[in-house]
Amino acid sequence: MVPDFDGWTCPLPLRDHPNVVMGHGGGGQMSAELIEHLFVPAFANPVLGGLTDSAVFTLGDARLAFSTDSFVVQPLFFPGGSIGHLAVNGTVNDLAMSGAQAAYLSCGFILEEGVELSVVGRIAADLGDAAREAGVTVATGDTKVVDAGHGDGVYINTAGVGLVPAGVDIRPQRAAPGDVVIVSGQIGVHGIAIMSVREGISFGTEVVSDCAPLNGLVAAMLAVCPDLHVLRDPTRGGVATSLNEIAKSAGVGIELTESALPVPETVANACSFLGLDPLYVANEGKLLAIVARDDADAVLAAMQADPLGSDAAVIGECVEAHPGMVVTRTAFGATRVVDTPIGEQLPRIC
């Protein structure tokens, strides 16, 4: 039988492709190039220039964080959540990475003609539940319907705004040599949870997404250390992509200790089976923190005291060597470069 290649997409598309390809949405080098060379010149302004998870600016006497995110995950429901949970937690977490507590969200539903109203209702209920859990109000919204065959069920966009506490200055440029890198828990879980359901692959036990709001965890961290240097939620592209973005922004090198990376056995086994690297697999309820070495113990203890940070661990440090590059020290003492992926390993995971 001759294979049917019509529905296949290349995970590492050509960089000079004249049309949009799946790799442009993967959070890797192609995404960065699309943003930097097409969108940034079109929208150029100082607020946008930081290219962080959320824009931080002053309006009157208030210092605000503002973010938007779109969600196209397939399947719409998965172990541990749904597109409704993602739509809240994704934006709440982007705001939290600036130290802000999300206050209000907007919500836009793009519905495909023919999708069952019971599915839409279930997603809306999940979104409402997630908003209440995160302590945020859905203040406004919009609904559009597209022709059958042009929407893949349900897409959602949310935007959010929150207040940044006085004296808090969290941004990737603040990473400095000597700083410690902490991750809040086990990595790679969300991406594998999506893949297992989408492809119908069993890894011996159900893998449950880590989708969760991180604003409470960030508040606990700021309570013991208002001078957090960098926060980032490693979603598309995983831990590797987030750390590469930070290293390039700050002009520092980052060295990870491979044995310190909290990769659960189910994720490790799944990645081995699928030929993936857990460092590049998406997370939806984890954060990376870069803090001064003198503050690391207090921050780590605060994280481990929170249910969403109970498995937090120090995984590396910022160094002067190899600025803009991330490497990991293997168990055999060798060094491996952890680069930014060109496209994506797992499409449409959020």
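Residues numbered from 1 in each chain as written. Predicted model: local features only at pLDDT ≥ 70, side-chain atom pairs only at ≥ 80, totals over all residues. Heavy atoms only, no water.

**Student:** Any chance you could explain the packing of aromatic side chains here in plain terms?
**Tutor:** The way to describe two aromatic rings as a pair is by their centre distance and the angle between their planes. If you walk through the whole model with that rule in mind, you get one aromatic pair. Ring plane angle 20 degrees and centroid distance 6.1 Å describe the contact between Phe39 and Phe43, whose orientation is recorded as stacked. With Phe39 and Phe43 both in helix α1 (residues 29–43), this residue pair falls four residues apart, about one helical turn. What makes Phe39 partly exposed here is its relative accessible area of 35%. By relative accessible area, which is 48% here, Phe43 ends up partly exposed. The aromatic ring of Phe77 is capped on one face by Arg122, whose charged end is 3.7 Å from the ring centroid. (Phe/Tyr/Trp six-rings, centres within 6.5 Å; stacked < 30°, edge-to-face > 60°. Helix = DSSP H or I, 4+ residues; strand = E, 2+ residues; numbered from the N terminus. Buried < 20%, exposed > 50% of the residue type's maximum accessible area, 1.4 Å probe, protein only. Lys NZ or Arg CZ within 6 Å of the ring centre and 35° of its normal.)

**Student:** What's the story with the UniProt feature "domain: PurM-like C-terminal" (unreviewed entry) in the protein chain in this structure? I'm lost.
**Tutor:** According to UniProt, the positions carrying the feature "domain: PurM-like C-terminal" (unreviewed entry) are residues 177–322. Secondary structure content for residues 177–322 is 36% helix and 16% strand, while the C-alpha to C-alpha distance between its ends is 11 Å. (UniProt positions renumbered as here; feature names shortened; annotations may be inferred.)

**Student:** Explanation requested: the sheet that holds strand β12 (residues 313–319) in the structure shown.
**Tutor:** Working definition: the strands of a sheet are paired by backbone hydrogen bonds and lie parallel or antiparallel to each other. Read from one edge to the other, the open sheet built from seven strands follows the order β9-β11-β8-β12-β10-β13-β14, with strand pairing classed as mixed. Among the strands making up the open sheet, the edge pair consists of β9 (230–232) and β14 (335–337). The average angle at which neighbouring strand axes cross in this sheet is 25 degrees, direction not considered. Summarising the sheet, strand β8 (residues 180–183) and strand β11 (residues 288–291) pair through four bridges and their orientation is antiparallel. Opposite Val181, over in β11, you have Ile290 as the bridge partner. Across the sheet, helix α8 (residues 296–304) lies against β8, β11 and β12, angled at about 5 degrees from β8, the strand it touches most. (Pairing = 2+ DSSP bridges. Axes fitted to C-alpha atoms, helices over the stretch in contact; angles between N-to-C directions. Contact = heavy atoms within 4.5 Å.)

**Student:** Before we go on, may I ask you to explain α8 in this structure?
**Tutor:** Note: α-helices contain 3.6 residues per turn, so residues at a spacing of three or four share the same orientation. Turning to α8, its buried residues number three or more, namely Ala296, Val299, Leu300, Ala302 and Met303. Projected down its long axis, α8 shows its buried positions confined to an angular sector of 160 degrees, all on one face. Along its buried surface, α8 packs onto β8, α5 (215–224), β11 and β12. (Arc of directions from axis to C-beta.)

**Student:** Teacher, can you tell me more about the environment of Ala175 here?
**Tutor:** In this fold, Ala175 is placed in the loop between β7 (154–163) and β8. In the structure, Ala175 is positioned 114 residues away from Ala289 in sequence and 9.8 Å away in space, judged by C-alpha atoms. Not counting residues within four places of it along the chain, the set of residues in contact with Ala175 comprises Val230, Ile246, Ala250, Val252, Ile290 and Cys318.

**Student:** Could you clarify how one ought to interpret the packing of helix α2 (residues 83–96) against helix α3 (residues 117–134) in this entry?
**Tutor:** Packed helices, taken two at a time, are described by their axes: the angle between them and the distance between them. Running from N to C, α2 and α3 cross one another at 35 degrees; their axes reach a closest spacing of 7 Å. The two elements α2 and α3 cross, and the hand of that crossing is right-handed. Residues Ile83, Gly84, His85, Ala87, Val88, Asn89 and Val92 of α2 lie in contact with α3, whose contacting residues are Ile123, Asp126, Leu127, Ala130, Ala131 and Ala134. Split by residue class, the contact of α2 with α3 holds nine nonpolar, three polar and one charged. (Left-handed = near helix turned anticlockwise from the far one by under 90°. Nonpolar A, V, L, I, M, F, W, Y, C, P; charged D, E, K, R; others polar.)

**Student:** When you look at the sheet that holds strand β1 (residues 55–59) in this model, what are you seeing that I'm missing?
**Tutor:** Taken in spatial order, the five strands of this open sheet run β1-β2-β7-β5-β6, and their pairing is mixed. The open sheet has two edge strands, β1 and β6 (137–146), and neither has a second partner. The mean angle between the axes of side-by-side strands here comes to 20 degrees, regardless of whether they run parallel or antiparallel. In the sheet, strand β2 (residues 62–71) pairs with β7 via eight bridges, with the strands oriented antiparallel. Looking at β7, one finds that Phe66 is bridged to Val161. Each of β2, β5 (101–112) and β7 touches α2; the most contacted strand, β2, lies at about 145 degrees to it.

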